[in-house]
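# Structural overview
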Amino acid sequence: MMTNEELILKINKVRKEKNAVILAHYYQEPEIQDIADFVGDSLDLSRKSADTNADMIVFAGVHFMAETAKILSPQKKVLIPDPGAGCSLADSCPADEFKKFRDRYPDHIVVSYVNTTAEIKALTDITCTSTNAVHIIKSIHVDQPIIFAPDRNLGNYLNSITGRDMVLWDGACHVHEEFSLEKIMALREQHPDAKLISHPECQRPLLIASDFVGSTSALLKFTQQDPAKKFIVATESGILHQMRKYNPLKEFIPAPPIDSTCGCNNCKYMRLHNLPKLYASLRDEKFEITLDEEIIKKAVKPIKRMLELSN
Ligand code: 13P
Ligand code: SF4
């Protein structure tokens, strides 16, 4: 078995030879974040996928993110180190059922979170991420009714911020729904000087109790700009790696899930990737993301619309 140092040398050699770029989401294992050419939130990763000059993209994230990269750069080879890296939120919105749901609201337009399959994107008018969702919703005329999919928590949060009454698909993420408000409140009592910061995929009572709500990049920025020295962080714990890097003198406490034996505040899909799989992916050019051309043609429109609106 190779050591991490040996693997890093090999990865660096192969990525140079193949003109490959490694993109990683903030929820990846620290060693993957450290070796990536770029680490970011869903929005920045989609921008990078569209702009890169590389011939090959190795996506250390989940399937919908790698699919978005393929949709934006169909001529490039897009690889995912572990093909099992799905997303419980994307899975909560199957295309056939969503199509029937959409057909019940013929005068509504569809805004969907990027955490969806390419098939759902093909049924969507504009995508959004948690970074630009408020901006995207506000850019739509108030008289235009909207269906929002698939996350009910993000949808409720957006309704409360924008005053809209969007029809919501009833989906959720297994990580963000598992946080225990009771345990978090007990933690706040132990650390009265800590600020509670949460991702909008968390449930409403937790969001109401939070000092700040935002996407992964917004949470990271908040920890850099806010004077607090301690933060309780209610999102996947991979982001704590960057928070600690940028704020070495501050303390970060991962918010506890209901069942602390299940480690639910780690996304079991994101955490499937590791250095040996990343190396094998680059070396053997596996596992390649392939999509039907018709789906790409339809799915690229709402993503490009989102990118235009958020530039
Ligand atoms: P961000 O867009 O905030 O990075 O979130 C992605 C995600 O999967 C949250 O669970
Ligand atoms: Fe999907 Fe949740 Fe994992 Fe994000 S944390 S990738 S929404 S399962």
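The structure reproduced in this document is the subject of the present report. Worth saying up front: this structure is predicted, and the values here are computed from it rather than measured. (Residues numbered from 1 in each chain as written. Chains lettered and ligands numbered in written order. Predicted model: local features only at pLDDT ≥ 70, side-chain atom pairs only at ≥ 80, totals over all residues. Heavy atoms only, no water.)

What follows deals with the pairing of strand β12 (residues 251-254). When strand β11 (residues 230-234) meets β12, the two strands line up parallel, connected through four bridges. By the bridge assignment for β12, Ile232 is matched with Ile253. This β-α-β element, β11 to helix α13 (residues 239-246) to β12, shows right-handed connectivity. (Pairing = 2+ DSSP bridges. Helix = DSSP H or I, 4+ residues; strand = E, 2+ residues; numbered from the N terminus. Right-handed = clockwise from strand over helix to strand, strands pointing away.)

In sheet architecture, strand pairing relies on hydrogen bonds along the backbone and comes in two forms, parallel and antiparallel. If you trace the four strands from one edge of the open sheet to the other, you get β2-β1-β3-β4, paired in parallel fashion. Only two strands of the sheet have a single neighbouring strand rather than two, namely β2 (38-40) and β4 (77-79). Geometrically, the sheet is characterised by an average inter-axis angle of 20 degrees between neighbouring strands, direction not taken into account. (Axes fitted to C-alpha atoms, helices over the stretch in contact; angles between N-to-C directions.)

On to the nonpolar core, then. Across soluble globular proteins, you tend to see nonpolar side chains buried next to one another. The biggest cluster of nonpolar side chains holds 67 residues, and the ones touching the most others in it are Phe59, Val62, Val111, Phe148, Leu158, Ile232 and Met306. Those residues in contact with Leu158, other than ones at most four positions away along the chain, are Ala133, Val134, Ile137, Phe148, Gly163 and Met166. Listed in part, the 30 residues of the second largest apolar core include Ile11, Ala24, Leu79 and Leu240. (Core = buried A, V, L, I, M, F, W, Y, C linked by side-chain atoms within 4.5 Å. Buried < 20%, exposed > 50% of the residue type's maximum accessible area, 1.4 Å probe, protein only. Contact = heavy atoms within 4.5 Å.)

As a further point, take the pattern of salt bridges. One pass over the structure, following the stated rule, counts 20 salt bridges. Note that Glu29 and Arg271 form a salt bridge whose closest N and O atoms lie 3.5 Å from each other. Of this pair, Glu29 sits in the loop between β1 (20-25) and α2 (30-35) while Arg271 sits in the loop between β12 and α14 (275-284), and the two are 242 residues apart along the sequence. Classification of Glu29 by relative accessible area gives partly exposed; the value is 23%. Residue Glu177 pairs with Arg152 through a salt bridge whose shortest N-O separation is 2.8 Å. Here Glu177, found in the loop between β8 (167-168) and α10 (181-190), pairs with Arg152, found in helix α9 (residues 152-162); they are 25 residues apart in sequence, far enough to count as distant. (Salt bridge = Lys/Arg side-chain N within 4 Å of Asp/Glu carboxyl O.)

That is the geometry; function is a separate question.
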